[in-house]
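The primary structure of each chain is shown beneath.
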Amino acid sequence: MTRPVPHTRAQYPYHHPTPTRWADNDVYGHVNNVTYYAYFDTAVNAYLAARGALDIHGGAVIGLVVESGCAYFAPAAFPDTLSVGLRVGRLGSSSVRYELAVFREGHDAACAQGHFVHVYVDRDTRRPAPLPPVLRAALDALHPD
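Parameters and conventions
Residues numbered from 1 in each chain as written. Predicted model: local features only at pLDDT ≥ 70, side-chain atom pairs only at ≥ 80, totals over all residues. Heavy atoms only, no water. 1 Å grid on protein atoms, 1.4 Å probe; cavity = no way out; pocket = protein on both sides within 12 Å on 5 of 7 lines; lining within 4 Å. Points joined across faces, edges and corners; volume = space filled by probe spheres on them. Helix = DSSP H or I, 4+ residues; strand = E, 2+ residues; numbered from the N terminus. Nonpolar A, V, L, I, M, F, W, Y, C, P; charged D, E, K, R; others polar. Buried < 20%, exposed > 50% of the residue type's maximum accessible area, 1.4 Å probe, protein only. Arc of directions from axis to C-beta. Contact = heavy atoms within 4.5 Å.

Q: Is there a simple way to think about the layout of surface pockets in this case?
A: Any empty space left between atoms is shown by rolling a water-sized probe over those atoms. The space that makes up the largest pocket amounts to roughly 230 Å³. Forming the boundary of the largest pocket are 18 residues, of which A53, L54, D55, V61 and Y120 lie nearest the centre. At the level of elements, α1 (33-50), β2 (61-72), β5 (112-122) and α2 (133-140) are the ones that each hand at least two residues to the lining of the largest pocket. Considering each element in turn, the lining of the largest pocket owes the most residues, 3 residues, to β2. Broken down by class, the residue content of the lining of the largest pocket amounts to 11 nonpolar, 5 polar and 2 charged. Approximately 160 Å³ is the volume found for the second largest pocket.

Rendered as C-alpha cells:
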C-alpha cells in the first residue's frame, strides 16, 4: 500500500476553524487519533448546518457513516489552533464521500487527512433516499467535477 502524501490547504474549498481542547491530548502529549474523527464530523455538520442543509431533529433524510479512514503525518497538541479542510470526493444519488484534512496554524501541509462516506437514508425506513435539493447544492459547492 502506498503511503498518502499530505495535501495542502489550497486543495480544500472550505475550512472550519477548530481550536484544540485540553481533553484532546492523550498521555503521549498529542491529539489522540480518535479525536480527528470528531473534528471531521464537526466540520461537515457545521458546514451543512450553516447552509441550511442539515435538520438534525426533523429532516426527512439522515446520513449514516458506512466507511471512514485517516492517515496521520505530524502531531497536533493543545493549545494548537487547527482548521479542518473539507471537500467532496464523490457525490452519488444518495451518498457522498467527504474528504477532510487537518491543518495546524501556520502550516500549509496537512497533519492528518481522511475521509468518510455517508449514505443518506429516509429517517423512518432507513432505506437509501435521494439527496434533497438543498443538501445536493451544498455538496456540489465542494465537489470539483
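Q: Help me out: how do you make sense of α2 in this one?
A: All buried positions along α2 are accounted for by L135, A138 and L139. Viewed end-on, α2 has its buried residues packed into an arc of 95°, placing them on one side of the element. Looking at the buried positions of α2, the neighbouring elements they touch are α1, β3 (81-91), β4 (95-104) and β5.

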